[in-house]
Amino acid sequence: MANLSTDVWRPLPDWLGGEQPYDLNSWQESETALALAETLDEDAVIVEGYAEYATWRPHLAYLRDPFGDPDMEMEIDGVGGVSILAKARVFRAGVHFPAFSFEKHAETEGFGKMAKRMGFSVVGLPHYTVWHLYEPSEQDLQHMQEMEEERNSRAQEEKEREERIKRIKEEFKDPNSQWEKDKAGIAEKTRQEEKAAAEKKVAAEKKEAAEKAAMEKKAEQAEKKIQSPDTASTAEENAKEKPPLGRKVSGD
């Protein structure tokens, strides 16, 4: 083995997914990429990751298994520049990082192609991970600043909310216990009003029943008086019809 390349990832902030495959220059050649190379100009360079260069190559980074055997090896053609182990005899033989198009590739990928052309083996370790330093882009830095401003704003709002609650408790002491007292007072007042209304209703019904009974009694007495003549009037009429005692009644 003359050249060795490792799987390269980079750690990311949580809001960017936590981690990411970084070096996509380590890959195995595909028939699609070889056919594509035949259609390009002599000085053209295939670059991974662009739609116009759809190579469908297996990338070392995407084959990573965090629990896989780190000593597992696989033959590759392109080499990434983050982590390369190469024997000195490779360079002595003239293999280098071409600054021109070599088999439609340049730099580290051209290095891998050139090494294989000169008979050296190129091997990758898909499960041996090397972590690349996270270097935030301008957009990342702007987003981090916005996140920091938003975090500070939320912290300020939370602080103001706590201060408002504290002031309310100091001014009203314990609003919860006061509300319980008010609620109990309202319930007691409602109960008393309902009791008074019920007593008033009972009294009204009793009064109505008494008035009804009195009216019925009065009507009954009036009816008896109509059916029985007045005793005083009857006695007076009898007295007129009978002569007084000891007096002779003269006849015609």
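Above this text sits the structure in question.
Position numbers for residues count from 1 along each chain, tracking the sequence in the order it is written. For this predicted model, a pLDDT threshold of at least 70 governs which residues receive local features, and a threshold of 80 or more governs which side-chain atom pairs are given and counted, while totals over whole chains, interfaces and linings are taken from all residues. With hydrogens and water stripped out, all remaining heavy atoms of the structure feed into the side-chain values.

## Some remarks on the overall build of the chain
Basically, it comes down to this: Counting from the N terminus, the helices are DSSP H or I runs at least four residues long and the strands are E runs at least two residues long. Relative accessible area decides the class of each residue, using a 1.4 Å probe on protein chains only: under 20% of the type maximum gives buried, over 50% gives exposed, and in between gives partly exposed. To measure how exposed things are, a 1.4 Å probe is used in the Shrake-Rupley method; for residues, cover is taken only from the protein chains shown.
When helices and strands are tallied, the chain shows six helices and five strands. Starting at the N terminus and walking to the C terminus, you meet the elements of the chain as β-β-α-β-β-α-α-β-α-α-α. Going through the 252 residues of the chain one by one, you find that 25% of them count as buried. Summed over all atoms, the accessible surface of the chain reaches about 19,000 Å², with 53% contributed by carbon and sulfur.

## What about the packing of aromatic side chains?
Using the following cut-off: Note on ring pairs: Phe, Tyr and Trp rings are taken, using the six-membered ring of Trp, and paired if centres are within 6.5 Å. Classes follow the plane angle, with under 30 degrees stacked, over 60 edge-to-face and the rest tilted.
Counted according to the given criterion, the structure contains three aromatic pairs. With centroids separated by 6.4 Å and ring planes inclined at 40°, the aromatic side chains of phenylalanine 91 and phenylalanine 97 adopt a geometry described as tilted. The exposure class of phenylalanine 97 is partly exposed, given its relative accessible area of 40%. When the centroid spacing of 5.6 Å and the interplanar angle of 25° are considered together, the rings of phenylalanine 91 and phenylalanine 111 count as stacked. Of this pair, phenylalanine 91 sits in helix 2 (residues 88–92) while phenylalanine 111 is found in helix 3 (residues 107–117), placing the two residues 20 residues apart along the sequence. Looking at phenylalanine 91, the relative accessible area reads 40%, which means it is partly exposed. What makes phenylalanine 111 buried here is its relative accessible area of 0%.

## Remarks on helix 1 (residues 31–39)
To keep things clear, this is the line we draw: As used here, the arc belongs to the directions running from the helix axis to the C-beta atoms.
Those residues of helix 1 that sit buried are Ala33, Leu36 and Ala37. Looking down the long axis of helix 1, one finds its buried residues gathered within 100° of arc, a one-sided arrangement. Looking at helix 1, the residues exposed on the side facing more than 90 degrees away from the buried face are Glu31, Glu38 and Thr39.

## Re the pattern of salt bridges
Where we set the bar: When a carboxyl oxygen of Asp or Glu lies within 4 Å of a side-chain nitrogen of Lys or Arg, that pair is called a salt bridge.
The final tally for this structure, using the stated rule, is ten salt bridges. In this structure, glutamate 150 and arginine 154 form a salt bridge, with 3.1 Å as the shortest nitrogen-oxygen distance. With glutamate 150 and arginine 154 both in helix 4 (residues 138–172), this residue pair falls four residues apart, about one helical turn. Between arginine 191 and glutamate 188 there is a salt bridge, with the nearest N and O atoms lying 2.5 Å from each other. Linking arginine 191 with glutamate 188, this pair stays in helix 5 (residues 175–227), spanning three residues, or about one helical turn. Arginine 191 gets classed as partly exposed once you look at its relative accessible area, which sits at 44%. For glutamate 188, a relative accessible area of 33% corresponds to the partly exposed category.

## Looking at the nonpolar core
Which entries qualify depends on this criterion: We define a nonpolar core as any set of buried Ala, Val, Leu, Ile, Met, Phe, Trp, Tyr and Cys residues linked to one another through side-chain atoms lying within 4.5 Å.
If you look at the biggest cluster of nonpolar residues, it comprises twelve residues: Leu60, Met74, Ile76, Val79, Val90, Val95, Phe102, Phe111, Met114, Ala115, Phe120 and Val122. Sorting elements by how many residues they give to this core places helix 3 first, with three residues.

## Here we look at unusual backbone geometry
Leave glycine aside and you will find that most residues have negative phi; peptide bonds, for their part, are mostly trans. Residues other than glycine seldom take positive phi values, yet lysine 104 does so here, at roughly 70°. You can see lysine 104 is positioned in the loop between helix 2 and helix 3. Despite not being glycine, glutamate 107 shows a phi value in the positive range, around 55°. Assignment of secondary structure puts glutamate 107 in helix 3. For glutamate 107, a relative accessible area of 54% corresponds to the exposed category.

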